[in-house]
Amino acid sequence: MTLLRKFLLRLITTAVTLFGVAVIVFIVIRVVPGNPIAMMLPPGATDADIARLQAQYGFDKSIFEQFLIWLGGVMQGDFGQSISLRQPVSSLVLGRLPATLELSVVALMIAVVMGGALALLGTLYRGTRTEGAVDISAGMALSIPDFLWGLVLILLFGVLWPVFHISGRISPALNTDFATNFYLFEAILRLKFDVVADLIAHMFMPALALAIPLAAIIAQLLKQSLKETMHLDYVTLARTKGYNENHIITREALPNAILPTLTLVGVQFTFLIGGTVIIERLFSYEGLGNMAIDAVINRDLPLIQGIVILFALLFTLVNLVVDMLYAVLNPRLRHA
Amino acid sequence: MSGYLSVRNLTVALQTGEPILRSVSLNVAAGQVHGLVGESGAGKSMIGKAVLGTLPRALHVISGEIWLDGVDLLKLSPAARRKQIGATAALIPQDPLTALNPSKRIGPQITRRLVDILGWSKQNAQARALELLDEVHIPNPERVMRSYPHELSGGMRQRILIASAFAAEPKLIIADEPTTALDVTVQKQILRLIAEMQSHHGTALLFVTHDLGVVSKVCDSLSVLYAGKVLEEARMHRFFMHPVHPYSAALLAATPTYTNPIDSLLPVSETVIEAVEQEVLEHDIRASR
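Criteria and cut-off values
- Residues numbered from 1 in each chain as written.
- Chains lettered and ligands numbered in written order.
- Predicted model: local features only at pLDDT ≥ 70, side-chain atom pairs only at ≥ 80, totals over all residues.
- Heavy atoms only, no water.
- Helix = DSSP H or I, 4+ residues; strand = E, 2+ residues; numbered from the N terminus.
- Buried < 20%, exposed > 50% of the residue type's maximum accessible area, 1.4 Å probe, protein only.
- Contact = heavy atoms within 4.5 Å.
- Areas by Shrake-Rupley, 256 points an atom, 1.4 Å probe, with all protein chains shown as cover.
- Lys, Arg positive; Asp, Glu negative; His and termini not counted.
- Charge placed at Lys NZ, Arg CZ, Asp CG, Glu CD.
- Salt bridge = Lys/Arg side-chain N within 4 Å of Asp/Glu carboxyl O.
- Pairing = 2+ DSSP bridges.
- Axes fitted to C-alpha atoms, helices over the stretch in contact; angles between N-to-C directions.
- Parallel < 35°, antiparallel > 145°, perpendicular 65-115°, else oblique.
- Left-handed = near helix turned anticlockwise from the far one by under 90°.
- Nonpolar A, V, L, I, M, F, W, Y, C, P; charged D, E, K, R; others polar.
- 1 Å grid on protein atoms, 1.4 Å probe; cavity = no way out; pocket = protein on both sides within 12 Å on 5 of 7 lines; lining within 4 Å.
- Points joined across faces, edges and corners; volume = space filled by probe spheres on them.
- Phe/Tyr/Trp six-rings, centres within 6.5 Å; stacked < 30°, edge-to-face > 60°.
- Lys NZ or Arg CZ within 6 Å of the ring centre and 35° of its normal.
- Domains from an automatic or database assignment.
- Buried area = accessible area lost by both parts, 1.4 Å probe.
- Polar contact = N/O pair within 3.5 Å; in protein donor to acceptor, adjacent residues only side chain to side chain.

## Overview of the overall build of chain A
Along its length, chain A carries 14 helices and zero strands. Overall, chain A shows an N-to-C arrangement of helices and strands of α-α-α-α-α-α-α-α-α-α-α-α-α-α. Reported as C-alpha extents along the three principal axes, the dimensions of chain A are approximately 85 × 55 × 40 Å. Buried positions account for 43% of the 336 residues belonging to chain A. The long-range fraction of contacts in chain A, counting pairs at least 24 apart against all pairs at least 6 apart in sequence, stands at 72%. When the accessible surface of chain A is summed, it comes to about 17300 Å², and 70% of that surface belongs to carbon and sulfur atoms. Counting 22 positive and 22 negative side-chain charges, chain A places the averaged centre of each group 8 Å from the other.

## A few points about the pattern of salt bridges
Residues and elements named next belong to chain A. Counted by the stated rule, this structure contains 19 salt bridges over all chains. The residue Asp135 makes a salt bridge to Lys223 at a minimum N-O spacing of 2.9 Å. Of this pair, Asp135 sits in helix H6 (residues 129–143) while Lys223 sits in helix H9 (residues 193–230); the two residues are 88 residues apart in sequence, bridging distant segments of the chain. Classification of Asp135 by relative accessible area gives partly exposed; the value is 34%. Between Asp177 and Lys192 there is a salt bridge, with the nearest N and O atoms lying 3.5 Å from each other. Linking Asp177 in the loop between helix H7 (146–160) and helix H8 (183–189) with Lys192 in the loop between H8 and H9, this pair joins segments that are 15 residues apart in sequence. Of the residues examined, Asp177 reaches a relative accessible area of 49% and is grouped as partly exposed. Taken together, the shared-partner salt bridges connect Glu131, Asp135, Lys223 and Lys227 into one network.

## Description of the sheet that holds strand S4 (residues 59–68) of chain B
All names here are of chain B. One open sheet holds the four strands; their spatial order is S2-S1-S4-S5, and the pairing between them is antiparallel. Strand pairing shows two members of the sheet lacking a second neighbour, strand S2 (19–28) and strand S5 (71–72), which therefore form its edges. Sheet topology places strand S1 (residues 5–14) next to S2; six bridges connect them, and they run antiparallel. When the bridges of S2 are listed, Leu10 appears paired with Val24. Across the face of the sheet, helix H1 (residues 44–52) comes into contact with S1, S2 and S4 while running at roughly 75° to S2.

## Regarding helix H10 (residues 246–254) of chain B
Of all the positions in H10(B), only Tyr247(B), Ser248(B), Ala250(B), Leu251(B), Leu252(B) and Ala254(B) are classed as buried. Close packing links the buried residues of H10(B) with helix H8 (212–218), strand S9 (221–226), strand S10 (229–235), helix H9 (236–241) and helix H11 (270–288) of chain B.

## Quick look at the packing of helix H6 (residues 154–166) of chain B against helix H7 (residues 184–201) of chain B
All names here are of chain B. At a closest axis distance of 11 Å, the pairing of H6 and H7 adopts a crossing angle of 15°. Judged by the angle between their axes, H6 and H7 are roughly parallel. For the pair H6 and H7, the sense of crossing is right-handed. Listed contacts from H7 to Gly155, Gln158, Arg159, Ile162 and Phe166 of H6 are Val186, Gln189, Ile190, Leu193, Ile194, Met197, Gln198 and His201. Residue composition of the contact of H6 with H7, by class: seven nonpolar, five polar and one charged.

## Quick notes on empty space enclosed by the protein
All told, the structure shown has two cavities of 30 Å³ or more when counted by the stated rule. As for the largest cavity, its lining consists of 19 residues, of which Lys241(A), Glu252(A), Pro108(B), Gln109(B) and Ile110(B) are closest to the centre. Looking at the lining of the largest cavity, the elements that each hand over two or more residues are helix H10 (233–240) of chain A together with helix H3 (106–116) and H6 of chain B. Among the elements that line the lining of the largest cavity, the one with the most residues is H3(B), at six residues. By volume, the second largest cavity amounts to about 70 Å³. Along the walls of the second largest cavity sit Leu237(A), Thr240(A), Lys241(A), Ala90(B), Leu91(B), Arg113(B), Leu161(B), Ser164(B) and Ala165(B), which together make up its complete lining. Sorting the residues of the lining of the second largest cavity by element identifies H10 of chain A together with strand S6 (89–92) and H6 of chain B as the ones contributing at least two each. Among the elements that take part in the lining of the second largest cavity, H6(B) stands out by supplying three residues, more than any other. Here the residues of the lining of the second largest cavity sort into five nonpolar, two polar and two charged.

## Details of the packing of aromatic side chains
Residue and element names in this part refer to chain A. Tallied over the full model, the rule gives 13 aromatic pairs over all chains. For the ring pair Phe311 and Phe315, a centre distance of 6.2 Å and an interplane angle of 40° mean the geometry is tilted. Note that Phe311 and Phe315 are positioned in helix H13 (residues 301–329) at a spacing of four residues, about one turn of the helix. Owing to a relative accessible area of 9%, Phe311 belongs among the buried residues under this scheme. Given a relative accessible area of 27%, Phe315 falls into the partly exposed group. Taken together, the ring pairs in this structure connect Phe19, Phe26, Phe67, Trp70 and Phe79 into an aromatic cluster. Residue placement shows Arg30 over the ring face of Phe26; its charged tip is 3.6 Å from the ring centre.

## Quick look at the sheet that holds S10(B)
Residue and element names in this part refer to chain B. Spatial strand order, S6-S7-S8-S3-S9-S10: six strands in an open sheet with mixed pairing. If you trace the sheet from one side to the other, it starts and ends with S6 and S10, each paired once. Sheet twist, expressed as the average angle between the axes of neighbouring strands with direction ignored, equals 15°. Taken together, the five bridges between strand S3 (residues 33–37) and strand S8 (residues 204–209) define a ladder with parallel strand orientation. Each bridged residue has a counterpart across the sheet, and for His34 the counterpart in S8 is Leu206.

## Quick look at the domain arrangement of chain A
Residue and element names in this part refer to chain A. Its domain assignment divides chain A into domain 1 (17–75) and domain 2 (96–334). Centre-to-centre, using C-alpha coordinates, domain 1 lies 36 Å away from domain 2. For the pair domain 1 and domain 2, the two sides together bury roughly 1200 Å², of which 79% comes from carbon and sulfur. Taken as a group, Leu18, Ile29 and Met39 account for 39% of the area that domain 1 buries against domain 2, more than any other trio of residues on that side. One can count one residue pair in polar contact (both at pLDDT 80 or more) joining domain 1 with domain 2. Those elements that provide at least two residues to the side of domain 1 that touches domain 2 are helix H1 (2–31) and helix H2 (36–40). Broken down by element, the side of domain 1 that touches domain 2 gets its largest block of residues, eight residues, from H1. Across the side of domain 1 that touches domain 2, the residue classes tally to 11 nonpolar, three polar and one charged.

## Thoughts on the interface of chain B and chain A
Facing the 28 residues of chain B at the interface are 21 residues of chain A. On the chain B side of the contact with chain A, Arg57(B), Arg82(B) and Pro102(B) bury the most area, a combined 23% of that side's loss. Applying the counting rule to chain B against chain A returns one salt bridge. Taking the shortest distance from any N to any O, the salt bridge between Lys104(B) and Glu252(A) comes out at 3.1 Å. Counting across the interface, chain B meets chain A through 12 residue pairs in polar contact (both at pLDDT 80 or more). Among the secondary structure elements, those contributing two or more residues to the side of chain B that touches chain A are helix H2 (78–88), S6, H3 and H6 of chain B. With four residues, H3(B) is the single largest residue contributor to the side of chain B that touches chain A. Split into classes, the residues belonging to the side of chain B that touches chain A amount to 11 nonpolar, eight polar and nine charged.

If you want it as structure tokens, here you go:
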């Protein structure tokens, strides 16, 4: 019963959040200078032409009226037409979403594996030079932003030792007939490993660039949390039972130390998704973020709105998943 | 006298060289209960930790021997020491609220080590855990096995930890102030339970406490510790009749009586403390030569 109430409450707060985001974005992109119609017309267009197109897209009405019209459409699943691409916003955005999702999830996986491994290493060798090395590398990784890592990686693995593709999502020469836009997911399910290898070769550098700062955060937080847990009585008790250090860290301390890290990783993952905007641009990766930059350059208001709403929805979903995971991993919350 | 557990001239110090335990020797005979008393900071718990290999990283064993079941633990490799301790000794911890892993059910916390370390079958371990929970008077053991620690009271958790300590039939159990964190009413029950389990299983027990009253109830012999130095090791009745060390006598005199609790509550006199401090100092000078 309480679970249902919790869920409903969550649904309501999500709706309110999305509405707030929609209002702010809607107003802001109309208040800042730049006219979407002027961007699409050739230089010789007359004032009458501009006015005609303005009316066609509804830009002659007040912002409040425009918002009501847009909201009415959204309620029926219509997010409007993209001005620059002349296609429905919903199909454009949903078409690009899988690319960004795959990139973000791969980046998250890399970050969790790298950060987790570093944290465990630092805990196992705590008080030695290895722990110092973990601290220093995490500090360095954290102080350099993701797009700079992107440039470093391009230099390393694109120029000096060109093993990975530096742009795009998939080699155009590859014979592909995907049913969905989840290329990687689909290729894995259909066991097309040559395609998987090509996708990974494209995705690896942008994903790694996004992952490195997050991995550093995970390493620092989890190591700190583990070290605190290692002093607790139940860990000491496990020691007297004859378990070795590896078992004590991974089985006794880790399940408890992971909890405080998890919440923060959830928040940081939303930052990672935000980071895809620049990283996708850097690697010409055909995702949502790359499309967002084009939309902003072209003042494609309906498209910007659609993308921002989708990002906002993504962030709330990530938070929801984190909360659910937390409840699953923490028995004290399960019955509460 | 050489016991099942025999600590000989054990010196433990901080990295700075400051001694925490000063040439400590003590014996726990098989099946006997040996009390370890002293004020807080005297290093009582550190002896238990040194034996079980759980000393904090800042502390180091400088010299000495720890014989457990005929083996000097300090001469073993870390892995072999862990095995030896896991197979022959167990700990009843001080605070039952923090000594159970909050993310695991009770059942596995008792049975896992039987399966993992001692190679029991799962069924045997499960049956053994149920039997032990029944033995420590826990009602409805099946349900408790499926519970998480936060669902149980402090007294229940201490019973579980006692059951868990006896699970592998260790020859030695170290009880580190096992009643200090509990309510006074529960303390008595737990104390009685430990004594009952000890005599039933015939386990040697090293009972660490600051409470002489508790020692007089459960112990066969005791050591008095001050500033990491054993001042006196004695059989129980002899100690209470004729304490040899002035500090021991002062401790006994300081124990309040029921008939006259206020006036009988004497502090240990300064002259005694000074004498003991002098003794510790002389020991350090001898040790540094």
